[in-house]
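Examination of the molecular architecture
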Amino acid sequence: MRHRIKSERFSRPRAQKKALVKALIRTLLINERIITTTSRAKYLRSEADKLITLAKKGTLAQRRRAYKVLGDHKLVSRLFEDIGLRFKHINGGYTRILS
């Protein structure tokens, strides 16, 4: 049963939602800024913060988990070597939504 399990669907089937989130996260990490709807941005914020937290730890297992989400070795290395180091001493709140 799905009691108390809330997830944003974006009016798409599960596979399309997964592809949409993956594309948005990739674009966010490449350009470090995206323009999207507020509901997508709010959902994407938690996903991006989880990836940046993985990058702060920097282990091989964390790199493999990030690759599972991103699917690109160059993007994973950029996440761990550039973005992860930038937020090394910050405890959360890595993304900001501007309206």
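Residues numbered from 1 in each chain as written. Predicted model: local features only at pLDDT ≥ 70, side-chain atom pairs only at ≥ 80, totals over all residues. Heavy atoms only, no water.

Remarks on the packing of aromatic side chains
How we decide: Pairing of aromatic rings covers Phe, Tyr and Trp, the last through its six-membered ring, and needs centres within 6.5 Å; plane angles under 30 degrees mean stacked, over 60 mean edge-to-face, and all others mean tilted. Helix and strand definitions here come from DSSP, where helices need a minimum of 4 consecutive H or I residues and strands a minimum of 2 consecutive E residues; each element is numbered from the N-terminal end. Buried residues are those whose accessible area, probed at 1.4 Å on protein chains only, stays under 20% of the maximum for their type, while exposed residues exceed 50% and partly exposed ones sit between those limits.
Counted according to the given criterion, the structure contains two aromatic pairs. Between phenylalanine 10 and tyrosine 43, the aromatic rings sit 5.7 Å apart at their centres with planes inclined by 85 degrees, giving edge-to-face as the arrangement. Taken as a pair, phenylalanine 10 in the segment before helix 1 (14-31) and tyrosine 43 in helix 2 (residues 38-57) lie far apart in primary sequence, 33 residues in all. With relative accessibility at 11%, the residue phenylalanine 10 sits in the buried group.

Considering the side chain of aspartate 49
Defined as follows: The positive count covers Lys and Arg only, the negative count covers Asp and Glu only, and His and the chain ends enter neither. Put simply, a salt bridge is a Lys or Arg side-chain nitrogen that is within 4 Å of an Asp or Glu carboxyl oxygen. Under this definition, polar contacts are N or O atom pairs within 3.5 Å; protein pairs additionally need one hydrogen-donor-capable and one acceptor-capable atom, and for neighbouring residues in sequence, both atoms have to be side-chain atoms. Here a residue-residue contact requires only that any non-hydrogen atoms of the pair lie within 4.5 Å.
Considering the arrangement of structural elements, one finds aspartate 49 in helix 2. Although buried, aspartate 49 forms no salt bridge, and the nearest oppositely charged side chain, arginine 45, lies 5.8 Å from it. For aspartate 49, the side chain forms a polar contact with the side chain of threonine 95, separated by 3.4 Å. Setting aside chain neighbours within four positions, we find aspartate 49 in contact with Gly93, Tyr94 and Thr95.

Quick notes on helix 4 (residues 73-86)
Operational definition: A helix's residues, less one, multiplied by 1.5 Å, set its expected span. Bend, at a single residue, is the angle you get between axes fitted to the 7 residues ending at that residue and the 7 residues starting at it.
The end-to-end C-alpha separation of helix 4 is 19 Å, in line with the 20 Å expected for 14 residues at 1.5 Å each. Where helix 4 bends most, at leucine 79, the angle is about 35 degrees. Where helix 4 is concerned, the buried positions are Leu75, Val76, Leu79, Phe80, Ile83 and Gly84. As for helix 4, its buried residues are in contact with helix 1, helix 2 and helix 3 (60-70).

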